[in-house]
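Observations on the model geometry
Chain by chain, the residues:
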Amino acid sequence: MEEKSWWDRFRRTEAFAGYTLISPTALYALLLLVAPLATILAYSFLTDGDSVTRLVWEFTFDNYITTWTQPIYRAVMMRSLSVSMMVTAVTVILAFPVAYYVSFHVAPDRKSLWLFLITIPFWTSYLIRVFLWKVILGYNGVINSGLTSLGLIDEPLTFILYNVNSIVLTLAHAYAPFAILPIFVALEKIDRSLLEAGQDLGESRIMTFWRVTLPLAMPGVVAAVLIVLIPTIGDYVTPQLIGGGKIPMIANLIQSQMLDQDNRPLGSALAVSAMLIVTVVALAFVLLNARFLRVKK
Amino acid sequence: MKGQGLRLYAILYLIFLYAPIVLLPIFAFNDATIISFPLRGFTTKWFAALADLPTLHLALKNSLIIAVSSSVLATTLGIFAARASTRYEFPGKGGLMGLIMLPLVLPEVIVAMSLLMVLLGIGIDLAIWTVILGHTLICTPFAIAILSAAFQSLDKSLEEAAYDLGESKLSTFRLITLPLVMPGIISSLLISFTISLDEFIIAFFLAGSEPTLPVYIYSQLRFPKQIPAIMALGTILVALSVLLLTIAEYFRRRGLKKTGAKDTGGFL
């Protein structure tokens, strides 16, 4: 009886209404995201059997030991991390002035148009955009054929495709709008009178930027860094197309272990390790910038 | 002049953003099989060639089925979550919403691979609907981001007025809330549709033998002979997504006007 009245009271609360309403979406995420992630976490501690797709239910750390000690895997993980860090640095540093320009120097009624222009390339096929860089940088590509027909070079340049730099360039281009938007939003929130106050109190324009604008824009910069860093570590297409498949990153390795080699435990350990790296790097970055992120209400 | 240097930089940056895309129409209309300068002359034969590719047509059909289903499912799930998070307070809301939004900050290959492992583990055959499952998962956070903005700018007193005038909860939602957030729903549908149509990784791993448009394009990139036709296809796709986005942006602005909110710009 008492149970029922508790239930009856709970049914009328705001919390119950909230839980009911959110439950379909939350259940979907639990079934299709949490359960699969838990599955690969479990797989990563199992042993790979002899026959195809067979798993042996023996608990082991071997997959992680292999992942973290074998030079090939370590090299690929380090490459993924360094590529995505370079991409993030390039993207955010190039994007900041654009966000600053749109926020501070564009008339309010033209801002939407600028943002629209910036976001359009992002909504066009990612695959085709990546491939277009291959067309631009390739042996018979746009740059080489253009320079040859202008008579500037005799032999096609070979150093511009199939290397880490071309991967960085392609990814930096692909993720550019992702970096601009959060920085723009943070800049928009800055109270303009703070900048006037800074200058009235005798700071130069550059010092006002350095001591007022930049610290206040940091939440946006942090968001931009995370939004670019996380997906680029796991990028599959660009190493495949621009790297010519010879410069694999972690996503390519996970795919080849899980499907081609059919070593699901090792593939799972690689995937879990990749997620760990992403989380650690992201958290470290957030903590480093913690003093900027305390929001003043 | 203040800001002139920045303006020049911003314009150069836009040129950098658009440079690869501009090449699409240039080479789609170029009368040569090799993608290189100098240009050889104008032709529309690459567009005509698209009509004779049965696999492409199958891929297009699959992609449309997947994109329509995923956008409807994601928007429906998005409405539940956006409404719950903007209207009600309950313990664990932050955690639950974080969980639902998680695909935004997870490398796609991990989402795809973990789903694939479960599907293979259970022994489910890969098909179009398994791609729909994955696409719904990754489109839902985008739908929620758009719909939350729509629900947030909703004036609560309008609903309260309807209750006071004797409408039930359901009829109030249908007569007051839904029409007011309709622009948000439409732009959520369009954005989810665009994301699903363009998504490659999940489709690549979960589609089995059924090609989707990006998977088809990826498979054709290996054959140099097919590249001009792919350029033509790319041109059409870019034109279509610009059109869809313009419509989505139109509805977003109209929605803001309807509820009287300030235009903060942008989709995200």
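Everything numeric here is computed off the predicted structure, so don't read it as measured data.

It is worth spelling out the overall build of chain A at this point. Scanning chain A from N- to C-terminus turns up 14 helices and two strands. For chain A, whose C-alpha radius of gyration is 25 Å, the value lies well above the compact-globule estimate of 19 Å for 297 residues. For the C-alpha atoms alone, the extent of chain A along its principal axes is close to 75 × 65 × 35 Å. Relative to its 297 residues, chain A shows a buried fraction of 43%. Contacts in chain A between residues at least 24 apart in sequence constitute 70% of all its contacts with a sequence separation of at least 6.

This part is about the overall build of chain B. Helix and strand content of chain B: 11 helices and zero strands. Reading chain B from its N end, one meets helices and strands in the order α-α-α-α-α-α-α-α-α-α-α. Across its three principal directions, the C-alpha atoms of chain B cover 70 × 65 × 30 Å. Every one of the 268 residues in chain B was classed for burial, and the buried ones make up 46%.

Across the boundary between the two partners, chain B contributes 66 residues, which contact 73 residues of chain A. Elements that contribute at least two residues to the side of chain B that touches chain A include exactly helix H1 (4–28), helix H3 (54–87), helix H4 (93–101), helix H5 (108–122), helix H6 (128–152), helix H8 (169–198), helix H10 (213–220) and helix H11 (227–259) of chain B. Residues of the side of chain B that touches chain A, tallied by class, amount to 48 nonpolar, 10 polar and eight charged.

Turning next to unusual backbone geometry. Residues and elements named next belong to chain A. In the Ramachandran plot, Asp 262 falls in the positive-phi region, its phi being about 55 degrees despite a non-glycine side chain. Looking at the secondary structure, you find Asp 262 in the loop between helix H12 (250–260) and helix H13 (264–288). Residue class for Asp 262 comes out partly exposed when judged on the 16 C-beta atoms lying within 10 Å of it.

Here H6(B) contains 25 residues, and its C-alpha end-to-end distance of 35 Å stays within 8% of the 36 Å for a straight helix at 1.5 Å per residue. At B:Cys139, H6(B) shows its maximal bend, which comes to roughly 35 degrees, and the proline B:Pro141 appears one to four places after that position.

Glancing now at H4(B). Of all the residues in H4(B), the buried ones are B:Leu96, B:Met97 and B:Ile100. The buried side chains of H4(B) occupy one side of the element, clustering within an arc of 95 degrees when seen end-on. Facing away from the buried surface of H4(B) by more than 90 degrees, the exposed residues are B:Gly94, B:Gly95 and B:Gly98. On the buried face of H4(B), the contacting elements are helix H2 (14–43) of chain A together with H3 and H6 of chain B.

Moving on to the environment of B:Leu240. Residues and elements named next belong to chain B. On the secondary structure map, Leu 240 appears in helix H11. Residue Leu 240 is classed as partly exposed on the basis of its 13 C-beta neighbours within 10 Å. Through-space distance from the C-alpha of Leu 240 to that of Pro 224 is 25 Å; in sequence the pair is 16 residues apart.

Secondary-structure assignment places B:Tyr13 in helix H1. The spatial distance from the C-alpha of B:Tyr13 to the C-alpha of B:Phe27 is 23 Å, given a sequence separation of 14 residues. When near neighbours in sequence (up to four residues on either side) are disregarded, B:Tyr13 contacts A:Leu94 and A:Val98.

Bringing the packing of helix H6 (residues 126–137) of chain A against helix H8 (residues 164–188) of chain A into the picture now. Residue and element names in this part refer to chain A. At their nearest, the axes of H6 and H8 sit 10 Å apart, and the two run at 140 degrees to each other. By the angle between their directions, the pair H6 and H8 is classed as oblique. As H6 packs across H8, the resulting crossing turns out to be right-handed. Listed contacts from H8 to Tyr 126, Arg 129, Val 130, Trp 133 and Leu 137 of H6 are Ser 166, Leu 169, Thr 170, His 173 and Ala 174. When grouped by side-chain class, the residues that make up the contact of H6 with H8 number six nonpolar, three polar and one charged.

As a further point, take the packing of helix H7 (residues 156–164) of chain B against H8(B). All names here are of chain B. Where H7 meets H8, the closest approach of the two axes is 10 Å, and the angle between their N-to-C directions is 140 degrees. Crossing hand, H7 versus H8: right-handed. Residue-level contacts link Leu 158, Glu 159, Ala 162 and Tyr 163 of H7 to Thr 172, Leu 175, Ile 176 and Thr 177 of H8. In terms of residue class, the contact of H7 with H8 is built from five nonpolar, two polar and one charged.

On to the confidence of the model for chain B. Residues and elements named next belong to chain B. Across chain B, pLDDT averages 85, with 95% of residues at or above 70. Mean pLDDT in chain B bottoms out at H11, which sits at 80, and peaks at H3, which reaches 93. Quick note on the complex model: pTM equals 0.85, ipTM equals 0.82.

Further remarks concern the environment of B:Gly234. Looking at the secondary structure, you find B:Gly234 in helix H11. In this structure, the C-alpha to C-alpha distance between B:Gly234 and B:Val22, residues 212 residues apart in sequence, is 11 Å. Every residue in contact with B:Gly234, bar those within four places of it in the chain, is listed here: A:Ser125, A:Ile128 and B:Leu24.

Thresholds, definitions, all that
Residues numbered from 1 in each chain as written. Chains lettered and ligands numbered in written order. Predicted model: local features only at pLDDT ≥ 70, side-chain atom pairs only at ≥ 80, totals over all residues. Helix = DSSP H or I, 4+ residues; strand = E, 2+ residues; numbered from the N terminus. Rg over C-alpha atoms; globule rule 2.2 N^0.38 Å. Buried ≥ 20, exposed ≤ 12 C-beta atoms within 10 Å, placed from the backbone. Contact = placed C-beta atoms within 7 Å. Nonpolar A, V, L, I, M, F, W, Y, C, P; charged D, E, K, R; others polar. Expected span 1.5 Å × (residues − 1). Bend = angle between axes of the 7 residues up to and from the residue. Arc of directions from axis to C-beta. Axes fitted to C-alpha atoms, helices over the stretch in contact; angles between N-to-C directions. Parallel < 35°, antiparallel > 145°, perpendicular 65-115°, else oblique. Left-handed = near helix turned anticlockwise from the far one by under 90°. pLDDT = per-residue confidence, 0-100.

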